[in-house]
Amino acid sequence: MLDFDVIIVGGGPAGSSAAIHLAASGARVLVAEQKRFPREKLCGEFISPECLEHFARLGVLERMTLAGGAQVSQTVFYAPSGRGLTVPSAWFGGGARGALGLSRAEMDARLLARARDVGVRVVEDASLAGVIVEGGRVAGVRLHASGEGVCEYRSRVTIDATGRQRAVARHAARELNAGEESDGRRVEGSNRHVEKSRTRAALVAFKAHLEDARGAARTCEIYFYPGGYGGLSPVEGGLSNLCFIARARDVRERSSDAERVMREVLMRNRRAARTLESARARTRWLGVSIESFGRHAPAPGLLAVGDAASFIDPFTGSGMLMALESGELAARAVARWLSESRRARAPFDAHARDYSDAYAERFHARLRLCSALRRAAFAPPQLAELAVMALNMSERVRRRLARATRRSALPSIQH
Ligand SMILES: Cc1cc2nc3c(=O)[nH]c(=O)nc-3n(C[C@H](O)[C@H](O)[C@H](O)COP(=O)(O)OP(=O)(O)OC[C@H]3O[C@@H](n4cnc5c(N)ncnc54)[C@H](O)[C@@H]3O)c2cc1C
């Protein structure tokens, strides 16, 4: 049995952000990641400009900017007719540097390497076998590491950073419910993991890196089409990332063939039909189904960061930003508790509530707005045309809408 101040399960941007900030505050941190990095990841790979401020605070800005990624100075949203609406990257915030197009294989590996450099114990190829529950609270994890069998790791705080899988929260809910049932009680309400918002039909997302796509230079292009939307964004090596979402039934009707879905569904958007006409996939297609968006309730003794806390609609290109921000926010709450509890017996629940309140203040308005934008994106195509025409009439409204999908940067942690 090994003891840590904090165990973080999941080594994506949320987990690495929390780990690096916590290690900088002097905490003993373990990150357990089920994959070996670098690994591919289904994502639009549009790194919003404000992320670069986080990279600077995390000590990885130079590693990221030297990774060969593409500068992305604007996003153009295309209605099905091909009519476009331009949003400069600088409107999102983060200064004039613009956004970055870099594969998740490169970005996530750099963040996790930084965590190692600042003293975090990182275990890759380690998947979660279960959680340790004591006194109705999560008190650590059981990890299945390759070649080592199952080991127990105990921690004062456990953080779920497993993305949309919410693996720790699911294990915790099962074990807490089993414990409560054997006591004749059952965890209901806030301890159950409620999916706050469900899309009417399940969606499927695909991603590949393409060559010979003819998108405009330094531009992320977003295409709307019946039943979905997709983005084409430059990444390293002169390639473009194509990542798109379609209705599950449209995908099933095409035998789940991503290339066919691209040609027959996404390319119904006239602009996409032009830019992707001679494009070819240079990597394999990744696919994943998307069942829900929105916020999830955490279990006692557990904090959740990134997508494990809430999943924001991808086309706003702000999921990684929220992952980095929430990782820092959680690290701040935990670091404060660790330092107070060294002096006196401070209860963790009050700090968990502080994190939850700070999270709500920082993200809830954003999540609500993005949920409304998602509904608009799935509205009949004529509405998308009207919205693009209306927003083209006012730069002020466009600018305010772009800003409203984010909020001001988080001030750095005081150590
Ligand atoms: C279609 C699509 C397009 C997107 N495009 C963009 C975009 O262009 N820009 C943007 O900012 N955001 C985008 N996002 C959102 C972005 O990908 C996420 O918000 C971001 O990855 C969240 O980071 P995270 O660290 O919370 O989770 P993740 O990045 O999912 O990382 C979780 C990590 O946990 C590990 N893990 C999972 N289960 C276990 C387990 N049981 N044990 C151990 N480890 C485990 C995984 O291997 C993974 O490495 C997109 C999302 C989708 C679905």
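Quick caveat: nothing in here was measured; it's all calculated off a predicted structure.

This part covers the overall build of the chain. Helix and strand content of the chain: 12 helices and 19 strands. Against the globule reference of 22 Å for 415 residues, the chain gives a C-alpha radius of gyration of 21 Å, in line with a compact fold. Across its three principal axes, the chain shows a C-alpha extent of roughly 60 × 45 × 45 Å. By residue count, 55% of the 415 residues in the chain fall in the buried class. Put simply, 74% of the contacts in the chain that link residues at least 6 apart link residues at least 24 apart. Carbon and sulfur atoms make up 49% of the accessible area of the chain, which totals about 17700 Å². Counting 63 positive and 45 negative side-chain charges, the chain places the centres of these two groups 5 Å from one another.

Grouped together as the largest cluster of nonpolar side chains are 60 residues, with contacts concentrated most on I8, L22, F55 and L111. Sorting elements by how many residues they give to this core places helix 9 (residues 319-343) first, with 13 residues. Not counting residues up to four positions away in its chain, the partners in contact with F55 are I47, V60, L61, M64, M107, L111 and L324. Residues V76, V204, A208 and Y223 belong to the second largest nonpolar core, which totals 24 residues.

Neighbouring the ligand are 39 residues; E33, K41, G44, R104 and D307 lie closest to it. Interatomic distance of 3.0 Å between a backbone N/O atom of A14 and an oxygen atom of the ligand. One of the backbone nitrogen or oxygen atoms of Q34 is found 3.1 Å away from a nitrogen atom of the ligand. If you list the elements that add at least two residues to the shell around the ligand, you get helix 1 (13-24), strand 9 (126-134) and helix 9. Residue classes in the shell around the ligand are distributed as 19 nonpolar, 13 polar and 7 charged.

Evaluation of the coordinates by the stated rule reveals 27 salt bridges. Among the salt bridges present, the one from D117 reaches R63, with a minimum N-O distance of 2.6 Å. Pair noted here: D117 is in helix 4 (residues 104-117) and R63 is in helix 3 (residues 61-65), with a separation of 54 residues, a long-range link. What makes R63 partly exposed here is its relative accessible area of 29%. Between E152 and R142 there is a salt bridge, with its nearest N and O atoms 4.0 Å apart. Here R142 lies in strand 10 (residues 137-145) and E152 lies in strand 11 (residues 149-160), a separation of 10 residues in the sequence. Taking relative accessible area as the criterion, R142 reaches 24% and is therefore assigned partly exposed. Beyond isolated ion pairs, a larger network of salt bridges with shared partners links R36, R116, E124 and D125.

Take helix 9 next. Think of an α-helix as 3.6 residues a turn; residues three or four steps apart then line up on the same face. Along its 25 residues, helix 9 runs 37 Å from first to last C-alpha, staying within 8% of the 36 Å computed at 1.5 Å per residue. With 18 of 25 residues buried, helix 9 lies mostly within the body of the structure.

Another aspect to go through is the packing of aromatic side chains. For the structure on display, the rule yields 11 aromatic pairs. Where F224 meets Y229, the ring centres are 6.1 Å apart and the plane angle is 55 degrees; that geometry is what we call tilted. A residue is classified by how much of its surface remains accessible, and Y229, at 4% relative accessible area, is buried. Linked through ring pairs, F77, F224 and Y229 together constitute an aromatic cluster.

The next subject is the environment of D5. Inspection of the secondary structure assignment puts D5 in strand 1 (residues 2-9). The exposure class of D5 is buried, given its relative accessible area of 5%. Sequence separation between D5 and G140 is 135 residues, and the spatial gap between their C-alpha atoms is 10.0 Å.

A residue-level look at the chain finds 91% of positions with pLDDT of 70 or above and a mean pLDDT of 88. Counting contacts from residues 184-201, a segment whose pLDDT is below 50, to residues more than four positions away or on other chains yields 37 contacts. Under a pLDDT of 50 for its full length, residues 408-415 has, in the predicted model, 24 contacts with residues more than four places off or in other chains.

This next bit is on unusual backbone geometry. That bond from F37 to P38 is cis: its omega, 0 degrees, falls within 30 degrees of zero. In the Ramachandran plot, R166 falls in the positive-phi region, its phi being about 45 degrees despite a non-glycine side chain. When you line up the elements, R166 lands in the loop between strand 11 and helix 5 (167-182).

Calculation rules
Residues numbered from 1 in each chain as written. Predicted model: local features only at pLDDT ≥ 70, side-chain atom pairs only at ≥ 80, totals over all residues. Heavy atoms only, no water. Helix = DSSP H or I, 4+ residues; strand = E, 2+ residues; numbered from the N terminus. Rg over C-alpha atoms; globule rule 2.2 N^0.38 Å. Buried < 20%, exposed > 50% of the residue type's maximum accessible area, 1.4 Å probe, protein only. Contact = heavy atoms within 4.5 Å. Areas by Shrake-Rupley, 256 points an atom, 1.4 Å probe, with all protein chains shown as cover. Lys, Arg positive; Asp, Glu negative; His and termini not counted. Charge placed at Lys NZ, Arg CZ, Asp CG, Glu CD. Core = buried A, V, L, I, M, F, W, Y, C linked by side-chain atoms within 4.5 Å. Near = heavy atom within 4 Å. Polar contact = N/O pair within 3.5 Å; in protein donor to acceptor, adjacent residues only side chain to side chain. Nonpolar A, V, L, I, M, F, W, Y, C, P; charged D, E, K, R; others polar. Salt bridge = Lys/Arg side-chain N within 4 Å of Asp/Glu carboxyl O. Expected span 1.5 Å × (residues − 1). Phe/Tyr/Trp six-rings, centres within 6.5 Å; stacked < 30°, edge-to-face > 60°. pLDDT = per-residue confidence, 0-100.

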